[in-house]
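Fold and contact review
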Amino acid sequence: MKPANTQTIPASSTSRYRCANGPSSSVLEEQGHVWVGVDIAKAMLDVAVEREVEGDLILGDMGQGMPFKAGTFDGAVSISALQWLCNADKKSHEPHKRLYQFFSTLFSSLTRNARAVFQFYPENSDQIELVTTQAMKAGFYGGLVVDYPNSSKAKKYFLVLMTGGMVKLPAALGTDEDSSQIPYSRKRELARNARGKPLKKSREWVLQKKERRRQQGNDTRTDSRYTARKRSGRF
């Protein structure tokens, strides 16, 4: 998705997905799925036509919503597209509204036990916060799965969404720890870990702020074990 590039699978005995023209469409075809591809770039769809793909193709901007009937698809797959909705390429573009329009219409077009998986490249923690908030607002359950979280080159983010309630997230690659699976209930920690930035008002955040004040020559209280500790109320 450069506001599109999404693949879906229509609901039937043979699962139907929404898709574009990339490698994922070939994988879906090999698995016997019926798919429909959406992309904002006509040139990308032309490539799919040249490849003689089996799925149907639609030219469209996913930020304007998905033009499908309710309950049409069993799933949706997207690779390197979702992050484009976080940008305002035109004066009329408001990222939070475009994301909500996309997620709400996608939710409607999916069956009640469907999944949608988006591999994307967030620029910062704010984009992760924005994307997950709008997806949850639209009715989805799910969370973020991070493959190879300790590698700067191999790290990949996957937004895994469900329509029928929360289920266990897929296991991430490159780690044996559950910390690479981040449900919406840990959304703020998710945002903090995206770029290694400390959570606002956490002890680490306070210590960094105090250090900056010292470097600027401002009077700053000495650090102690009580720094950033929450004070209990008086009764």
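Residue positions are counted from 1 within each chain, in the order its sequence is given. Only residues with pLDDT of at least 70 are given local features in this predicted model, and only at 80 or more are side-chain atom pairs given and counted; all residues enter the totals for whole chains, interfaces and linings. Hydrogens are left out, water is left out, and the side-chain values use all remaining heavy atoms of the structure.

For the protein, an unreviewed UniProt entry supplies the name 18S rRNA (Guanine-N(7))-methyltransferase and the organism Aedes albopictus. UniProt annotates the protein under Sequence similarities (unreviewed entry) with the comment "Belongs to the class I-like SAM-binding methyltransferase superfamily. BUD23/WBSCR22 family." UniProt positions are given in the numbering used here, feature names are shortened, and annotations may be inferred rather than shown by experiment.

1. Let's talk about the environment of Asp-39
By the criteria applied, helices consist of DSSP H or I runs no shorter than four residues and strands consist of E runs no shorter than two, each listed in order from the N terminus. If you trace the backbone, Asp-39 turns up in strand β3 (residues 34-39). Residue exposure (1.4 Å probe, protein chains only): buried if accessible area is under 20% of the type maximum, exposed if over 50%, otherwise partly exposed. By relative accessible area, which is 2% here, Asp-39 ends up buried. Separated by 23 residues in the primary sequence, Asp-39 and Met-62 place their C-alpha atoms 7.9 Å from one another. Separated by 2.8 Å, the side chain of Asp-39 and the backbone nitrogen of Ala-41 make a polar contact. Counting of polar contacts relies on pairs of N or O atoms within 3.5 Å, with two restrictions inside protein: one atom must be capable of donating a hydrogen and the other of accepting it, and residues adjacent in sequence are counted only when both atoms are side-chain atoms.

2. Section: the packing of aromatic side chains
Whether two aromatic rings pair depends on their centres lying within 6.5 Å, for rings of Phe, Tyr and Trp, where Trp uses its six-membered ring; planes under 30 degrees apart make the pair stacked, over 60 edge-to-face, and the rest tilted. In this structure the tally under the stated criterion is seven aromatic pairs. Here Phe-68 and Phe-73 contribute two aromatic rings whose centre-to-centre distance is 4.7 Å and whose plane-to-plane angle is 85°, an arrangement assigned as edge-to-face. Accessibility classification places Phe-68 together with Phe-73 in one group, the buried group. Judged by centre distance (5.9 Å) and plane angle (85°), the rings of Phe-103 and Phe-118 are edge-to-face. Residue Phe-103 is found in helix α3 (residues 95-109), and its partner Phe-118 is found in strand β6 (residues 110-120); the two are separated by 15 residues along the sequence. The pair Phe-103 / Phe-118 is uniform in exposure class, with both members buried. Put simply, the rings of Phe-102, Phe-103, Phe-107, Phe-118 and Phe-140 pair up and form one aromatic cluster. For a lysine, the NZ atom is tested; for an arginine, the CZ atom; a charge sits over a ring if that atom is within 6 Å of the ring centre and within 35 degrees of the ring normal. Here the guanidinium or amino end of Lys-137 rests over the ring plane of Tyr-100, the centre of that ring lying 5.0 Å away.

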